[in-house]
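# Residue-level structural notes
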Amino acid sequence: MRKYIYLSVLVAAALALSLLEMAIPLPFIAPGAKLGLSNMVILVCLIIFGFKDAMLVAVMKSVVLMLVTGSVTGMIYSLAGAVLSVLVMHLAYTKLSKFLSLIGVSILGATAHNFAQISVAAMVMQNIKMYNYLPILLITGIFTGYFVGMSSNYISKHLLKIGLMDKMRRE
């Protein structure tokens with residue numbers, strides 16, 4: 001039962017970070033690019049609870065964000081990015097952890113998120129030329145993925161240090 005309370009808190013944290021992120025104007029030329037702050041919560045959830053729960057938190061965050069903002073179109077982009085991102089981060093974390101740190105896992109997740117969103121945009125607009133924008137998003141994704149991975153690494157190490165990570169896994 002406590003596990004669901006933890007997961008609910010993670011959904012709320014991811015939602016709060018998404019809403020905060022919407023209020024922060026990014027001072028560069030990549031429209032649609034975001035910091036991906038809520039991905040810190042998703043990556044930490046993946047580490048603590050595993051794939052299914054991280055996917056649940058990511059999907060719930062996208063759905064609740066749509067309910068709060070009223071942006072159904074935004075939910076389609078958010079869901080596509082979240083699902084592919086969690087899948088790629090899970091595979092990278094479980095299969096490539098010998099070669100990749102959480103920073104690398106996060107960068108791959110950001111790349112997957114950007115690819116999924118551009119793919120949805122190309123389908124919605126019925127224009128394959130949308131992929132021309134992908135390199136710009138990938139470059140920004142490297143930087144944001146680095147920040148998210150570094151932050152997630154710090155958060156998970158701190159949770160482990162204070163014993164909270166093990167407590168959450170057991171309950």
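This one's a predicted model, so the numbers in the text were calculated from it and none came from an experiment. (Residues numbered from 1 in each chain as written. Predicted model: local features only at pLDDT ≥ 70, side-chain atom pairs only at ≥ 80, totals over all residues. Heavy atoms only, no water.)

### Details of the overall build of the chain
The condition is simple: Each helix is a run of H or I in the DSSP string that is no shorter than four residues. Each strand is a run of E no shorter than two, and both are numbered from the N terminus. Computation of the radius of gyration draws on C-alpha atoms, with the globule rule given as 2.2 Å multiplied by the number of residues to the power 0.38. Between two residues, a contact is recorded if the distance between any of their heavy atoms is within 4.5 Å. Note that accessible areas follow from Shrake-Rupley with a 1.4 Å probe, and for residues the cover is restricted to the protein chains shown. Note that His is not counted, nor are the chain ends; the positive residues are Lys and Arg, and the negative ones are Asp and Glu. A charge is said to be at NZ when it belongs to Lys, at CZ for Arg, at CG for Asp and at CD for Glu.
A tally of helices and strands in the chain yields seven helices and zero strands. Going residue by residue from the N terminus, the α and β elements of the chain occur as α-α-α-α-α-α-α. The C-alpha radius of gyration computed for the chain amounts to 16 Å, which stays within 12% of the reference 16 Å derived for 171 residues, consistent with globular compactness. Counting only C-alpha atoms and orienting by the principal axes, one finds that the chain spans roughly 50 × 35 × 30 Å. Considering only intrachain contacts with a sequence separation of at least 6, the fraction spanning at least 24 residues in the chain is 69%. On the chain, roughly 9600 Å² of surface is accessible, and the fraction owed to carbon and sulfur atoms is 71%. Across the chain, 13 positive and 4 negative side-chain charges occur, with their mean positions spaced 6 Å apart.

### Here we look at the pattern of salt bridges
Using the following cut-off: Put simply, a salt bridge is a Lys or Arg side-chain nitrogen that is within 4 Å of an Asp or Glu carboxyl oxygen.
Evaluation of the coordinates by the stated rule reveals one salt bridge. Asp53 is paired through a salt bridge with Lys3; the nearest N and O atoms lie 2.8 Å apart. Here Lys3 lies in helix H1 (residues 2-23) and Asp53 lies in helix H3 (residues 51-69), a separation of 50 residues in the sequence.

### Focus on the packing of aromatic side chains
Two numbers describe a pair of aromatic rings. These are the distance of the centres and the angle of the planes. Spelled out, the test is: Side-chain rings of Phe, Tyr and Trp, where Trp is taken by its six-membered ring, are said to pair if the distance between their centres is within 6.5 Å; with planes under 30 degrees apart they count as stacked, over 60 as edge-to-face, and otherwise as tilted. When a residue's accessible area, from a 1.4 Å probe over protein chains only, is under 20% of the maximum for its type it is buried; when over 50% it is exposed; and in between it is partly exposed.
The tally for this structure, following the rule as stated, stands at one aromatic pair. Relative to Tyr131, the ring of Phe115 has its centre 6.0 Å away and its plane inclined at 40 degrees; by these criteria the two rings are tilted. A residue pair is termed long-range when its members are at least 10 positions apart, and Phe115 in helix H5 (residues 102-125) and Tyr131 in the loop between H5 and helix H6 (134-161) qualify at 16 residues. In this structure Phe115 comes out as partly exposed when scored by relative accessible area, which is 40%. Taking relative accessible area as the criterion, Tyr131 reaches 26% and is therefore assigned partly exposed.

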